[in-house]
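What the coordinates show
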Amino acid sequence: AEAELIRIQRFESLAMLAGGLSHDLRNLLQPLLLAGDSLQDYQDDPRLARLGVLVRDCGRRGLEMVQSMLSFARGARRAEQVKVQALVDALSLLLQGSVPRTVTLDIEVSDPQLTFEGNHTELQQCLLNLCLNAIQAMPAGGVLRVTTGSVKLDQGFFLEHEDALPGEYVRLTVTDTGVGMTEEVRKRLFEPFFTTKEGGTGLGLLSCRRIVYSHGGVMRLDSIINEGCCFDLYIPLARPITEISDLAEVDTNLHGN
Ligand code: ADP
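The rules behind the values
Residues numbered from 1 in each chain as written. Predicted model: local features only at pLDDT ≥ 70, side-chain atom pairs only at ≥ 80, totals over all residues. Helix = DSSP H or I, 4+ residues; strand = E, 2+ residues; numbered from the N terminus. Buried ≥ 20, exposed ≤ 12 C-beta atoms within 10 Å, placed from the backbone. Contact = placed C-beta atoms within 7 Å. Axes fitted to C-alpha atoms, helices over the stretch in contact; angles between N-to-C directions. Left-handed = near helix turned anticlockwise from the far one by under 90°. Nonpolar A, V, L, I, M, F, W, Y, C, P; charged D, E, K, R; others polar. Pairing = 2+ DSSP bridges. Near = placed C-beta within 6 Å. Parallel < 35°, antiparallel > 145°, perpendicular 65-115°, else oblique.

The protein chain has the name histidine kinase in an unreviewed UniProt entry, where Dyella acidisoli is given as its organism.

**A word on the overall build of the protein chain**
Along the backbone of the protein chain there are 7 helices and 7 strands. Secondary structure of the protein chain in N-to-C order comes out as α-α-β-α-β-β-α-β-β-α-α-β-β-α. Counting every position in the protein chain, which comprises 257 residues, the buried fraction comes to 28%. The contacts of the protein chain with a sequence gap of at least 6 include a subset with a gap of at least 24, amounting to 73%.

**Side note on the packing of helix α4 (residues 120-136) against helix α6 (residues 204-214)**
At a closest axis distance of 9 Å, the pairing of α4 and α6 adopts a crossing angle of 145°. Judged by the twist between their axes, the crossing of α4 over α6 is left-handed. The residues of α6 that touch α4, namely those facing E122, L123, C126, N129, L130 and N133, are G204, S207, C208, I211 and V212. Residue composition of the contact of α4 with α6, grouped by class: 6 nonpolar, 4 polar and 1 charged.

**Remarks on the sheet that holds strand β2 (residues 103-109)**
Read from one edge to the other, the open sheet built from 5 strands follows the order β2-β4-β5-β7-β6, with strand pairing classed as mixed. Strand pairing shows two members of the sheet lacking a second neighbour, β2 and β6 (218-224), which therefore form its edges. For this sheet, the mean inter-axis angle between neighbouring strands, taken without regard to orientation, is 15°. Taken together, the 7 bridges between β6 and strand β7 (residues 228-236) define a ladder with antiparallel strand orientation. If you follow S223 over to β7, its bridge partner there is C229. Contacting β2, β4 (142-153), β5 (167-176) and β7, α4 runs over the sheet at an angle of about 30° to β5.

**Some remarks on the site of the ligand**
Around the ligand there are 23 residues in total, and N133, A137, T195, G200 and G204 lie nearest to it. Going through the elements one at a time, α4 and α6 are the ones with two or more residues in the shell around the ligand. Residues belonging to the shell around the ligand are distributed by class as follows: 11 nonpolar, 10 polar and 2 charged.

**With respect to the pairing of β7**
Most of β7 sits inside the fold, with 7 of its 9 residues counted as buried. Across 7 bridges, β5 lies against β7 in antiparallel orientation. Across the sheet, residue L172 finds its bridge partner in β7, namely L233. Counting the residues that bridge the hairpin from β6 to β7 gives 3 residues, and of these N226 lies at a positive phi of roughly 70°.

**Structural notes on the packing of helix α3 (residues 84-95) against α4**
Two elements in contact, α3 and α4, have axes whose closest approach is 10 Å; the angle formed by their N-to-C orientations is 50°. Taken as axis vectors, α3 and α4 run oblique relative to one another. In this structure, α3 meets α4 at a crossing whose hand is right-handed. Contacts from A86, L87, A90, L91, L94 and L95 in α3 reach H120, L123, Q124, L127, L128 and C131 in α4. Among the residues making up the contact of α3 with α4, the classes are represented as 10 nonpolar, 2 polar and no charged.

Right under this line is the structure:
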């Protein structure tokens with residue numbers, strides 16, 4: 001499971017890098033393309049006109065490469081029907097070998113038929129991240145509990161999360177009886193590269209949050225020091241998955257060319 005986690009985080013970083021690079025490259029290439037276009041119409045000097053064609057063609061090829069980087073960044077982001085039961089089954093398979101003897105794994109699926117629109121792979125990665133964090137928070141052993149269900153949430157629940165709309169949600173909960181978090185850790189939890197672990201990446205929770213947000217969902221955290229943590233993921237039952245906003249924006253602009 002650790003190897004799987006590292007693979008996921010590599011992919012995440014690469015996708016973020018690809019997304020960011022595409023954005024910057026596009027901004028460089030577009031004026032170049034325009035310059036090439038104007039130059040190739042230059043009647044007075046055929047040499048300059050030929051250079052214009054060259055500049056334009058290179059610019060176009062560059063934009064095509066940007067497009068394939070974007071496709072890569074979005075490669076794993078297909079929306080599909082996700083079965084809660086399948087999600088949990090995959091999770092317990094991945095966790096095999098990572099749960100120490102001192103930790104009791106307790107998984108409870110309240111509605112085995114429950115399905116929703118989302119991305120199975122991403123959510124599985126998200127749950128795996130949370131479970132491995134939970135295990136690491138219980139060096140002296142304890143209970144790792146994963147529960148699922150569906151809930152109807154109203155406006156009041158989301159006062160602090162303006163993006164989330166009231167409606168039917170799938171709830172995925174990961175609870176541990178570990179060390180809990182100090183106020184300081186809690187504040188910095190989602191900072192990239194923030195970690196209290198030797199050899200930690202500090203990218204796990206950030207990646208979880210991105211996945212949940214891209215599903216139109218929210219993530220809530222309860223923690224009591226020396227008692228443990230509880231992460232609740234709320235994913236809307238029927239809402240199409242959205243792209244990372246930056247990438248979507250680049251994508252739209254590209255189609256204009
Ligand atoms: P990493 O696991 O590589 O440190 P994360 O972003 O997943 O990166 O976590 C950031 C930090 O949040 C951790 O280093 C740890 O201090 C804290 N943390 C995360 N999950 C838990 C948990 N279940 N219990 C206590 N602390 C946690």
